[in-house]
Amino acid sequence: MADIAVVPTRAPAQDDVTTIEVRLLLEAIYERYGYDLRGYAAASIGRRVHLALARSGLSDLGALQHRLLTDPDAFVRVLGDLTVQVTGLFRDPDFYRAIRERVVPMLRTYPLINVWLAGCATGEEAYSMAILLREEGLYERSQIYATDLSAAALERAKEGVFPAEDLAAIVDGYGRSGGGDTLEAHATVAYGQLAIKESLRRNILFFQHDLVSDHVFGEMQVVFCRNVLIYFGRALRDRVMRKLCESLCSGGFLCLGASERMAADGREPFSELAPNERIYRRTGAP
Amino acid sequence: MRVTIRSKLAAIVVAAVLALVVLIVGTNLIANRMQAELETIQGRYLPKMDLGPRLEADFERARRAFQDAVGSHDLDAVNEARDRKGAILDELAAARDFLDPAQATALREAIEGYFTTAFDVSRRLVGGETGEALVGAMAAMQAKQALATDRLKIATRLDRGELREAFGTIARTQTTVGRVRLVLSAACLALVISLAVWVGSGVLRSLGAVDDGLRRFGKGDFARPIAVVSRDELGDVAVQANQMADSLRQLMAERDRRDWLKNAQAGLVRELRGELEPEEVATRAVRFLARAVEAPAAALYTADADGSFRLAAEHALASAGGGAPARFRMGEGLVGQAARQEDLTVVSDVPTDYMRVRSGTGEGAPRAIVLVPLPHASRVVGVLELAMFKPWSEGAAELVSSVRDTLAIAIVVARARAATRELLAATQRQAERLAAQEEELRANNDELAAQEEELRTANTDLSQRTEELEAQRQTLAQRNADLDEARVRLEQRAAELTTVSAYKSQFLANMSHELRTPLNSMLLLSNLLAENEDGRLTPRQIEFARTIFSAGKDLLALINQVLDLAKVESGHQEIEIGPVPLADLAERARRVFTPLARDKGLAFAVTVAAGLPDAIPTDRRRVEQILTNLLGNAIKFTTKGEVTLRIEPAGADARFRRLDLEPGGCIAFVVCDTGLGIAPEDFERVFAPFEQVDAAADRRYGGTGLGLGIARELTALLGGELQLRSTLGAGSTFTCFLPRRPPAQLAASAGPAAIVEPSGAQSGRGRSPAASSPKAHASGAPTAAAPGPGEPFLLLIEDDPVFAATFGEVIEGQGFTYLLATNGQTGLRVARERRPKGIILDVRLPDMDGWRVMEKLRADPSTASIPVHFISALDASERGLAMGAVGYLTKPVTRRDLVSVIEALVPRAGERSARFLVVEDDAFTADSIVRVLEAERLETRRVSSAEAALAVLSRERFDCMILDLSLADMSGLDLLQALREQQGGAAPKVVVYTARALSRPETKALEAYAEAIVLKDGSSVERLLDEVRLFVRRFQSGPGRDDAPSRGLEPAPPDVRFEGRKVLVVDDDMRTVYALSATLRAKGIEVVVADTGKAALEALEARSDIEIVLMDIMMPEMDGYEAMRRIRADARFGALPIIALTAKAMKGDAEKCVEAGASRYLPKPIDADRLLALIAACLGGAGEARARG
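Residues numbered from 1 in each chain as written. Chains lettered and ligands numbered in written order. Predicted model: local features only at pLDDT ≥ 70, side-chain atom pairs only at ≥ 80, totals over all residues.

A.B. asks: What should I look at first to understand the interface of chain A and chain B in this one?
C.D. replies: When the parts come together, some accessible area is lost, and that loss is often what is quoted as the size of the interface. Facing the 28 residues of chain A at the interface are 29 residues of chain B. Of all the secondary-structure elements, those providing two or more residues to the side of chain A that touches chain B are helix H5 (93-107), strand S2 (142-148), strand S6 (204-208) and strand S8 (248-256) of chain A. With four residues, H5(A) is the largest single contributor of residues to the side of chain A that touches chain B. Classifying every residue of the side of chain A that touches chain B gives 14 nonpolar, ten polar and four charged. (Contact = placed C-beta atoms within 7 Å. Helix = DSSP H or I, 4+ residues; strand = E, 2+ residues; numbered from the N terminus. Nonpolar A, V, L, I, M, F, W, Y, C, P; charged D, E, K, R; others polar.)

So this is what it looks like as structure tokens:
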């Protein structure tokens, strides 16, 4: 049919009916699978739902909802579209440089270092951090918990193999992040793919975890929650923030994404460590 | 008179204005007159000129009107023409003003005549009359007409002469005006010009003078002031300019002086520049200053180390006859005196023979001597002396004052430089010496190396020996363990024995009482019989009755004594403390025992030593009983010789078994006899009940053998000690030591509340014997006379009265009061109602155990926050601490332990800052830590070994310990364990600060003891400081409270119990592990911990007695799913209950856990009640399951 691939071009949030449909869809997902996307920022989740609708080839959200409720495989595919997965190895060199220069000296004083990457997507960030910790000689006493909502993303993350198309960008990012070695020391490049070395995967634990509904699981020295909070509405953001805070040891480090920042009113118990790179330190007792 | 320029100018203006006004007014007056003339002409002549023609025309018109009327024969028209006369006359009347009145009257008459005539004629003509008369009338009429016309002309004619005269007047007036104006103007002008010339010339003269003066000043010539020529503004200017010139002159003088001063100062600095010897400095300074102030002679004295002043340099003094003295002491001479004060000393009018300054050309006496002390850093380092020819000028004084400091500093610096140079030389010499020594050392070193080699050989032997020693040590340790075990068994046996003994005493006490009742009847009756009042008995029967009576009395005495002993032993003895005069005791002994001794032929003496108190506080009856027993015993066993009682101070050499006794605090009652004596091996036996040393003696001397035992018990009861010294065959000495002051224990038996008043309360104690008896405690009532409401106190829940009394004494020693509860129920009630500061809790209690009490305390919000310290013979500190106790102390305990218990319960945190103990063997590191802490204003103590740390910690209380793990004498972990054993929950918080790399297990082990672990790497100092600050903040917000309870989960229901069950907790997050362990241990569960799935499997392999597993899911190495699958894969663990704990709460997670093998599933955060309920459910069924498996 000709109208199958019609994608609404105007902003869906402005349309009441569409808003209701999106909400119902998210409600259905929560009821059926337990994934709670309901607190996400309406405009952003609306856009992504419509992206998923376009990819599914269905005509309307009602049909998509029906398919998601009846076909778990379809849901897994759609979940990838609904949750945000933009990441790359050493994607933000300045950030990693700040970690190296500002955070690592502190981490050296801990006998065991727990790092939690909340919303690790396909794992690039986790491996970047692992490489950094190895170069700083801290990897052996580090444990990286990389969690994400999407099981499919986690599967890919566990493989540790990434397309080497933007190898130049990765090498450049690695260099600018202060990497003292060559990237080859940590990864093998062949057949247009980049495979992280096995030794780097040892202390990374990939796990499915829902920031919204699941509880924190341990005391962390570092928590990454980059480019996750922006997709959450205000209430949800605050709740997740409390969780991250609860998980951090006193003096632990919280790393947010470039467009996320701490509430300016100081009600969150963090001090700025490298505000430009969005690295904060937990103050006060747990 | 002063006339200012301004007023002169004003005068000119005023004159000019006045002249102008006169001019204007004059001219005006004349002009007015001219105007009046003109108006006259206008008013008189002009209307006259108009009136002539007009009257003529009117008259003509009237004449014609008559003609016309006649012509038309109209009578009416005639009348009408006649009426015209009125108008003409009116007009004539109006012009009366400017007509000549005579002429006007004539004119009037002429006109009236004409009209009369004309009317008459006209009327007659109209009437048609003709005749002469008429013609005559007509001629008259014409005559009248001509007359009227003439007169009219005369009346209205202008008078030319008159007119000319009027104009002539006007022209004259005008000429006068012009003349007056000219004269006035000329006068004004002349006045103004003359004034201006006068003022101008004065101003110019003054200006000239000022200009001249200012030019001079500009050239710098201030000598002559400007002459003041006028007394006006310019005069003022001249005066001001003169003042300015004065000021300028002064300024320039000042500048010159300053320049001179500055040049001189700079010159001196230049002179003293460079590395100069002190002498050179002095010489140059003297030379320069003498020249600068133009002093013919000068000298500089500098201070030596001994405070005297030495001549360092002179200027032209050698010529002054004999030179200057080389040295002054402080205060000696002018120089010495000057050194004492800070200011300059100037001696003027020097006598001519004081000193003379000579030159080639002559000599002279100086006029002034100036002494300048040179102070530096509140010390005078030198004195400068200047001899002056000139009087001492202010400039010179200023110069000298200003360079004093410079000079002093130069001297000090030069000296310091000289000293440095000296030191440098010395250092070089030392360096050379060191080089030589080093050479020697090297030789020694070689020697040592050789010796080391030898030692190594010897070492090998030693290590063998060490191994042997190690084996021996192990054997010893084993034996020690055995001994410990035996000790524990013995203690238990002893406890049982004590109980049995108490029962026995109780029984005896009851029995004796029962026996006495029938015995009394028997004695009464047998006595009656023996008296034989009826006389019916035979002497033999009387003898029998007497025997019965005597035997009965013996029996009664025996029973009484048994009863006494039993009472003492069972603790039923009542003590009544009161002042007992020693003289009374002596008197009574004398009275009672002198006859007895006499009967046996023995000497008996009682002596009371001097220097004793008149009375001692004790129980009179008991003391008498003791003395009676001792003396009775002595007399009984002595056949010849003497028995003495001495009351005296205890000898300084006395030794006591009781720790609370000391010789100075005791009075000795010494009973000496010359009897049989006792062999040392029998010393103990004589005190044992029913024992006599020689079985045969029993028969010889009769008696029960209870006396000494009772005496000893009573002595102990009174807080004293009974001692025996004896030699077989040479008599015995029993010494009863009694304390001068009743012991606390005695007081304790009267109830803790009474301890509050240690002196003067003896009678008070005696009054409440019931409260003091253990029976009263057993009834469960807390002891009476409690601390006042609101007064802080401790609650002691303890059923052992002796321990309670001891502890009570310690508590009071620490300045607290306390309440005693002898069972759990009472304890709980008191805790709820009275809110003690802290609770000391025994585990074994008669009604419910301490665990239970603790649970109830924690479950009740009103008591949950009261700190609790366990003290028990049961070694279960882990469980106690897990329940949230401040500490756990295992009996037996020392006094120091008890003090630390109180300190742990009632920390005085509010009154002080946190105290830190730094345990670090590297002095440099320790130093830096201490400095960091002290910068935070924290009280810090540092030690360098574990042993020292333990020692310090046992003496003092610290809040936080910063611990280096690599100590020489003990590993950090061992230290922490030892500390936990020593102090339990009262141990300080620990921050481990170490350079050692820690393995994962090591870290986890340390985390059980340490608040934080900081590796000496990266920004470790910063981090250490963070942790310290964090600690301090917490310390301040919650002073001294242990946070163990907060670590646990929610309080669990107290009624579920799992004594001795074993649970494996698998979780990699230490927080969770602590929380779970605390909750479980509080329930009596034994907890085994594993931090990964792999470790869990190993733990299960190693210990077969684990009954349940709590399994976290997200773990490194092996996650929970995998671990559960592997556990289930092992047939042995097929039915082992596993509770999965997971942070994940999504749908499907539970199913996943169950699939992997979990029996149950619990989401985090963990709810303690649910967890315990689950464990209860699992354990309930699992026991059977495992039994079947």
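A.B. asks: Mind showing me how you'd approach the packing of helix H5 (residues 160-218) of chain B against helix H6 (residues 233-271) of chain B here?
C.D. replies: Packed helices, taken two at a time, are described by the angle between their axes plus the distance between the axes. Residue and element names in this part refer to chain B. Where H5 contacts H6, the axes come no closer than 9 Å and their chain directions differ by 10 degrees. Looking at the two axes, H5 sits roughly parallel to H6. Side by side, H5 and H6 meet where Val-203, Ser-206, Leu-207, Ala-209, Val-210, Gly-213, Leu-214 and Phe-217 of the first sit next to Leu-234, Gly-235, Val-237, Ala-238, Ala-241 and Ala-245 of the second. Its residues assigned to classes, the contact of H5 with H6 comprises eleven nonpolar, three polar and no charged. (Axes fitted to C-alpha atoms, helices over the stretch in contact; angles between N-to-C directions. Parallel < 35°, antiparallel > 145°, perpendicular 65-115°, else oblique.)

A.B. asks: Just to check I follow, could you spell out the pairing of strand S18 (residues 838-841) of chain B for this structure?
C.D. replies: Residue and element names in this part refer to chain B. Of the two faces of S18, the one lined by Gly-838 and Ile-840 and the one lined by Ile-839 and Leu-841 are each fully buried. Both strand S16 (residues 793-797) and S18 contribute to a ladder of four bridges, which runs parallel. Following the sheet pairing, Ile-797 is matched in S18 by Leu-841. Bridging between S18 and strand S19 (residues 868-872) involves three bridges; their strand directions are parallel. From the neighbouring strand, Ile-840 faces S19, where its bridge partner is His-869. One crossover worth recording links S18 to the parallel S19 by way of helix H22 (residues 850-859), and it is right-handed. (Buried ≥ 20, exposed ≤ 12 C-beta atoms within 10 Å, placed from the backbone. Pairing = 2+ DSSP bridges. Right-handed = clockwise from strand over helix to strand, strands pointing away.)

A.B. asks: When you look at the sheet that holds strand S20 (residues 887-890) of chain B in this model, what are you seeing that I'm missing?
C.D. replies: Sheet strands pair via backbone hydrogen bonds, and the direction of the pair is either parallel or antiparallel. Residue and element names in this part refer to chain B. Reading across from one edge, S17-S16-S18-S19-S20 is the order of the five strands in this open sheet, with parallel pairing throughout. Edge positions in the sheet fall to strand S17 (817-821) and S20, since each of these pairs with one other strand and no more. Taking each pair of neighbouring strands and ignoring which way they run, the sheet shows an average axis angle of 20 degrees.

A.B. asks: What should I look at first to understand the sheet that holds strand S4 (residues 187-190) of chain A in this one?
C.D. replies: Residues and elements named next belong to chain A. The sheet built from three strands is open, its strands ordered S3-S5-S4 with antiparallel pairing. At either end of the open sheet lies a strand with only one pairing partner, and these are strand S3 (161-163) and S4. Adjacent strand axes in the sheet meet at a mean angle of 25 degrees when their direction is disregarded. The pairing of S4 with strand S5 (residues 193-196) spans four bridges and is antiparallel. Of the residues in S5, the one forming a bridge with Ala-190 is Gln-193.

A.B. asks: Can you help me understand the environment of Met220(A) in this one?
C.D. replies: All names here are of chain A. Of note, Met-220 is situated in strand S7 (residues 220-225). Using a count of 26 C-beta atoms within 10 Å as the deciding quantity, one classes Met-220 as buried. Spatially, the C-alpha atoms of Met-220 and Cys-249 are 5.8 Å apart, while their sequence positions differ by 29 residues.

A.B. asks: Is there a simple way to think about unusual backbone geometry in this case?
C.D. replies: As a rule of thumb, non-glycine residues mostly have phi less than zero, and peptide bonds are mostly trans rather than cis. Residue Phe90(A) is not a glycine yet carries a positive backbone phi of 45 degrees. With a phi close to 45 degrees, Arg835(B) is a non-glycine residue in the positive phi region. Take Arg835(B): it is sitting in the loop between helix H21 (824-834) and S18. Under the C-beta neighbour-count criterion, Arg835(B) is labelled partly exposed, with 15 such atoms within 10 Å.

A.B. asks: What am I meant to see in helix H15 (residues 707-717) of chain B here?
C.D. replies: What sets the pattern is the α-helix's 3.6 residues per turn: residues three or four places apart point alike. Residues and elements named next belong to chain B. With respect to burial, H15 is a largely interior element, ten of its eleven residues being buried. Regarding H15, the residues found buried are Gly-707, Leu-708, Gly-709, Ile-710, Ala-711, Arg-712, Glu-713, Leu-714, Thr-715 and Leu-717. Gly-719 sits one or two positions beyond H15 and adopts a positive phi of about 85 degrees.

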